[in-house]
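As a plain string of letters, each chain reads:
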Amino acid sequence: MNIVLLGAPGAGKGTQAEKMVKEYNVPHVSTGDIFRKAVSDKTEMGIKAKAYMDRGELVPDEIVIGIVKERLMTDEFKDGFILDGFPRTVAQADALAFSLGEMGKKLDMVLSIDVDKEELIQRLTGRRVCNCGKTYHMVFNPPRKDEICDECGEPLKQRDDDKIETVNKRLDVYFNQTLPLINYYKNNGLLRVIDGRKSASDVFEEIRGVIGVYK
Ligand code: AP5
Ligand code: MG
Ligand code: ZN
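Peer 1: What's the story with the coordination of the zinc ion (ligand 3) in this structure? I'm lost.
Peer 2: Geometry reference: four tetrahedral donors at a metal, ideal angle 109.5 degrees. Six octahedral donors, ideal angles 90 or 180 degrees. Surrounding the zinc ion (ligand 3) are the protein donor atoms Cys130 (SG), Cys132 (SG), Cys149 (SG) and Cys152 (SG), which sit 2.2 to 2.3 Å from the metal. For Cys130, a relative accessible area of 7% gives the class buried. Residue classification places Cys149 among the buried positions, given a relative accessible area of 3%.

This is the structure:
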């Protein structure tokens, strides 16, 4: 199963990817997670990426494309993948199709998780994350103890790019640079639109229905 999760910042790509990994046992690649790890490890790539991420802008295509291609060629992804946050530009989508072709693979479907702007802003500004990878929301999915991770007991943090000014910029970038991919994947028949406004478990039920039919 080779799947792309498309959706605005805060649409629930990471939340649904986590459920899909459990259900289908397919590995997940999040370019945002890769960059955040590189930033915290202070690698050369992380230092470059941080400047763009802090401004809510996209990291340049030539950096992202190389990283994803390298990952997808590893053995871990030989039986499939769930891509979250990539592609985000038409150039990235073209590069992905080309690289998969070289590997004798292709995408099975692109799930576009659709959520309106007001809801996206609420989700992003209320999100809290833990170093262990768990994601919470102060209203929609709160931890049992205030600001403490249920899984590992560490204090939760807000992502640097979840401050309201950066959220607005990220949403503009999505509407200008990533939205054209909806038509791109509609035109090649891969697009499946998922109503992302429901609860996370109801959204997942819809995804299961769609994947079930096309498996
Ligand atoms: P990235 O990390 O990919 O961020 P994003 O696309 O902005 O998406 P998010 O992770 O913010 O949202 P999500 O859809 O995963 O939502 P989540 O499930 O967490 O990218 C960060 C940056 O890295 C970019 O700005 C860019 O600089 C760079 N980058 C990454 N990829 C790149 C690329 N390909 N090219 C160039 N640059 C790139 O949910 C959000 C919140 O809502 C959570 O609190 C969650 O608990 C809650 N929630 C989820 N679902 C529901 C629901 N159904 N109901 C209620 N609450 C919900
Ligand atoms: Mg995410
Ligand atoms: Zn934790």
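Peer 1: So what exactly am I meant to see when it comes to the sheet that holds strand S7 (residues 191-195) here?
Peer 2: Sheets are built from strands that pair by backbone hydrogen bonding, the pairs being arranged parallel or antiparallel. Strand order in the open sheet formed by five strands is S2-S3-S1-S4-S7, with parallel pairing between adjacent strands. The strands lining the two open edges of the sheet, one partner per strand, are strand S2 (28-30) and S7. The mean angle between the axes of side-by-side strands here comes to 20 degrees, regardless of whether they run parallel or antiparallel. By the bridge criterion, five bridges tie strand S1 (residues 2-7) to strand S4 (residues 109-114) in an arrangement that is parallel. Residue pairing for S4: Ile3 is matched across the bridge by Met109. Across the face of the sheet, helix H2 (residues 31-40) comes into contact with S2 and strand S3 (81-84) while running at roughly 60 degrees to S2.

Peer 1: I tried to follow the site of ligand 1 on my own but got confused; where do I start?
Peer 2: Neighbouring residues of ligand 1: 34 residues in total, closest Thr15, Glu57, Arg88, Arg127 and Arg170. The contact in question runs from a nitrogen atom of ligand 1 to an N or O atom on the backbone of Gly85, over 2.8 Å. For ligand 1, a nitrogen atom lies 2.8 Å from a polar atom in the backbone of Lys198. Of all the elements in the fold, those that place two or more residues in the shell around ligand 1 are helix H1 (13-24), H2, helix H6 (117-125) and strand S6 (135-137). When residues of the shell around ligand 1 are assigned to their parent elements, the largest contribution, four residues, is made by H2. Of the residues that constitute the shell around ligand 1, the class distribution is 13 nonpolar, eleven polar and ten charged.

Thresholds applied
- Counting of residues starts from 1 at the beginning of each chain's written sequence and follows it residue by residue.
- Just so you know, chain letters begin at A and ligand numbers begin at 1, following the order they were written in.
- Where local features are concerned, this predicted model is filtered to residues with pLDDT of at least 70; where side-chain atom pairs are given and counted, the filter is 80 or more; whole-chain, interface and lining totals use all residues.
- Side-chain numbers come from the whole structure's heavy atoms, not from hydrogens or water.
- Metal donors: N, O and S atoms at distances within 2.8 Å, or within 3.2 Å for Na, K and Ca, with water omitted from the atom set so that some sites may seem incomplete.
- Burial classes: relative accessible area under 20% of the type maximum marks a residue as buried, over 50% as exposed, and values in between as partly exposed (1.4 Å probe, protein chains only).
- Pairs of strands are assigned from DSSP output, requiring at least two bridges between the strands.
- Secondary structure elements are defined from DSSP: runs of H or I of at least 4 residues count as helices, runs of E of at least 2 residues count as strands, and each element is numbered from the N terminus.
- Angular values range over 0 to 180 degrees, each being the angle between N-to-C directions of two axes fitted as lines to C-alpha atoms, with helices fitted over their stretch in contact.
- The contact definition used throughout considers only heavy atoms, calling two residues in contact when any of these lie within 4.5 Å.
- Proximity is defined per residue: any heavy atom of the residue falling within 4 Å of a molecule or strand makes that residue near it.
- Identification of polar contacts relies on pairs of N or O atoms within 3.5 Å, with a donor-acceptor requirement for protein atoms, meaning one able to donate a hydrogen and the other able to accept it, and with residues adjacent in sequence counted only if both atoms are side-chain atoms.
- Polarity classes work like this: nonpolar for Ala, Val, Leu, Ile, Met, Phe, Trp, Tyr, Cys and Pro, charged for Asp, Glu, Lys and Arg, and polar for all others, with Gly in that last group.

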